[in-house]
Amino acid sequence: MALGVLKSYPNNPDVAKAQIAAAYNDLEFDFEALPMDQTKTPEYLAKFPMGKVPVLSSPTVDLFESSAIGYYAASAKDNSPLLGLTHADKALIMQWVMFAQAELSNHIREWVAPLRGVHPYLKPAVDTAIERVKRALGALNSALQTKTYLVGESVTYADICIVTTLVRLYTNVLDKPLRDQYKNVTRYYTTLINKDKFKKYLGDLPLCETPLKYMPPKKEKKPAAAAEKKKQKQKQQQSDAPKQKDKEEAAAASKEEEKEGQPKPAPKPKSALDSLPPSKLKMDDWKRMYSNNDTAIAMPWLWEHLDDGYSLWRVDYKYNDELTLVFMSNNLIGGFFARLERARKYAFGSMIVTGTNNNNAISGYFLIRGQEVPEEVYDAADFDSYTFTKVDPSQYDEKKDEIFKYMAWEVDGFADGKIFK
Ligand SMILES: N[C@@H](CCC(=O)N[C@@H](CS)C(=O)NCC(=O)O)C(=O)O
């Protein structure tokens, strides 16, 4: 019988922590994917006052904090070797569990989350987090000099906590040169993630090739002539177009979510969108047309080729009141786009920030294959933070001018923007 229901967004390595611990004791959890907006409801907060994930719901106990949930599984069997058999080993395991949380997990989040656009980027804070993670990795590297496992001669809860905590680091930011500085940790991590019970819940984890990087915001634009705006747009396109880097970052970010955690997903079925009747509009052609031509040339091409194989959507951020600095708002768009990687073949979007620091809004337009918002889009973790309003074809004429302005970044109050292509 399952120990209870773990709730989180899918592929969270903190969920895998509990699942792996359970597996070593021949136990298991059920899992329920939980949209993040449901973590702030009064009912959820009454049980889980931090409003975070993962959590455990069970008839016996409701728990938050992933290490406590993992401990619940590790201790569910009397004298489980996962928790050590001597007093000294029990204390050593506790030492590494605390170390994983306080010296690694928190600082890894402070390093990675801003690069993924999930938290605002503040350089001194990120630099401090990097130094703290490096200090902890140095300590871990020394401890692993002569050891396969942290405590004793087999996997304990200490290893489960440390390895699942390292996932965000090794998949997002620890590229080869950095990995080589912590060779013992890297050997340890790669050995353990390849063990059956780890692999079952973490999936095949790629080692980071191109680390996530912060893309500095462009200077805030003074309202300028159309030519000036066009120049800025082209600059953005160039940084989007060599775009390999951007894509790799987005892929790395989405890989984190796709590869981390959960029973290894079956290979993704082909998108349902591939079975739609053909359209005379080919997404790749449109992206090329948009990238290589003035918007004044690209848009008539779009209207000419647009048919019911595609739909247009006005997109508005739901929480504009909470936005602060323009560059942070633009980073939010970047984070959203990173999580839309699966939709790249089927969607194109121009999202912009209008307004000024502490008084701005995010909005845009998306062109999407098919007539509905597809799974590839609504599955993105922060989809729920945006309202997607379909532009009915009967409104195309009246909306043409507005859509043009969004594509050309000529909207009044334009401050910054990003193109999803
Ligand atoms: N120390 C906590 C960290 C949990 C945590 O920060 N979860 C993030 C997702 S990875 C979250 O729910 N964030 C939402 C929020 O901060 O409101 C644990 O190990 O469970």
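What you see is a predicted model, and the numbers here were worked out from it, not measured in a lab.

In terms of regular secondary structure, the protein chain is built from 16 helices and nine strands. When the 421 residues of the protein chain are sorted by exposure, 51% land in the buried category. A fraction of 77% describes how many contacts in the protein chain between residues 6 or more apart in sequence connect residues 24 or more apart. For the protein chain, the accessible surface area stands at approximately 19,700 Å², while carbon and sulfur atoms represent 54% of it.

Counted according to the given criterion, the structure contains 16 salt bridges. Among the salt bridges present, the one from arginine 288 reaches aspartate 285, with a minimum N-O distance of 2.9 Å. Taken together, the positions of arginine 288 and aspartate 285, both in helix H12 (residues 283-292) and three residues apart, correspond to about one turn of that helix. Accessibility expressed as a relative area gives 46% for arginine 288, which makes it partly exposed.

With respect to spatial proximity, the complete set of residues near the ligand consists of Tyr9, Met36, Lys40, Gly51, Lys52, Val53, Pro54, Glu65, Ser66, Gln101, Arg109 and Arg168. In this structure, an oxygen atom belonging to the ligand sits 3.3 Å away from a side-chain N or O atom of lysine 52. One nitrogen or oxygen atom from the side chain of serine 66 is found 2.7 Å from an oxygen atom belonging to the ligand. If the ligand stood free it would expose 510 Å²; the protein chains cover 79% of that surface. Of the residues in the shell around the ligand, the class split is four nonpolar, three polar and five charged. Domain assignment of the residues forming the shell around the ligand places at least three in each of domain 1 (5-74) and domain 2 (81-202).

It is worth spelling out the sheet that holds strand E9 (residues 414-420) at this point. Strand order in the open sheet formed by five strands is E8-E5-E7-E6-E9, with antiparallel pairing between adjacent strands. The open sheet is flanked by strand E8 (386-391) and E9, the only strands paired with a single partner. Across the sheet, the mean angle separating the axes of adjacent strands is 20° when strand polarity is ignored. Where strand E5 (residues 310-317) lies against E8, six bridges are found, and the strand directions are antiparallel. Its bridge partner lying in E8, aspartate 316 is registered against threonine 387. Packing of H12 onto the sheet brings it into contact with E5, strand E6 (347-356), strand E7 (359-369) and E9, and relative to E6 it is tilted by some 40°.

Here the focus is the sheet that holds strand E4 (residues 63-64). Across the sheet, four strands lie side by side as E2-E1-E3-E4; this open sheet has mixed pairing. With partners counted over all chains shown, the strands left at the sheet margins are strand E2 (30-33) and E4, one partner each. Where strand E1 (residues 5-8) meets E2, four bridges bridge the pair, whose relative direction is parallel. Paired with leucine 6 across the bridge in E2 is phenylalanine 31. With respect to the sheet, helix H1 (residues 13-24) is in contact with E1 and E2, its orientation differing from that of E1 by roughly 165°.

Handedness of the E1-H1-E2 crossover: right-handed. As paired strands, E1 and strand E3 (residues 55-57) are joined by three bridges and run antiparallel to one another. Bridge pairing in E3 places valine 5 opposite serine 57.

Before going further, it helps to examine helix H13 (residues 295-305). Where H13 is concerned, the buried positions are Thr295, Ala298, Met299, Trp301, Leu302, Trp303 and His305. The N-terminus of H13 is capped by aspartate 294, whose side-chain oxygen sits 3.1 Å from the backbone nitrogen of alanine 296.

Our focus in this paragraph is the confidence of the model for the protein chain. Here the protein chain averages 89 in pLDDT, while 87% of its residues score no lower than 70. Residue range residues 241-263 is modelled with pLDDT below 50. Its contacts to residues more than four positions away, or to other chains, number 74 contacts.

Attention shifts here to the environment of lysine 134. Looking at where lysine 134 falls in the secondary structure, it is placed in helix H5 (residues 123-143). Judged by relative accessible area, which is 26%, lysine 134 ranks as partly exposed. Spatially, the C-alpha atom of lysine 134 lies 9.7 Å from that of histidine 107, the residues being 27 residues apart in sequence. The residues contacting lysine 134, other than those within four sequence positions of it, are Leu178 and Tyr182.

The rules behind these values
- Residues numbered from 1 in each chain as written.
- Predicted model: local features only at pLDDT ≥ 70, side-chain atom pairs only at ≥ 80, totals over all residues.
- Heavy atoms only, no water.
- Helix = DSSP H or I, 4+ residues; strand = E, 2+ residues; numbered from the N terminus.
- Buried < 20%, exposed > 50% of the residue type's maximum accessible area, 1.4 Å probe, protein only.
- Contact = heavy atoms within 4.5 Å.
- Areas by Shrake-Rupley, 256 points an atom, 1.4 Å probe, with all protein chains shown as cover.
- Salt bridge = Lys/Arg side-chain N within 4 Å of Asp/Glu carboxyl O.
- Near = heavy atom within 4 Å.
- Polar contact = N/O pair within 3.5 Å; in protein donor to acceptor, adjacent residues only side chain to side chain.
- Nonpolar A, V, L, I, M, F, W, Y, C, P; charged D, E, K, R; others polar.
- Domains from an automatic or database assignment.
- Pairing = 2+ DSSP bridges.
- Axes fitted to C-alpha atoms, helices over the stretch in contact; angles between N-to-C directions.
- Right-handed = clockwise from strand over helix to strand, strands pointing away.
- pLDDT = per-residue confidence, 0-100.

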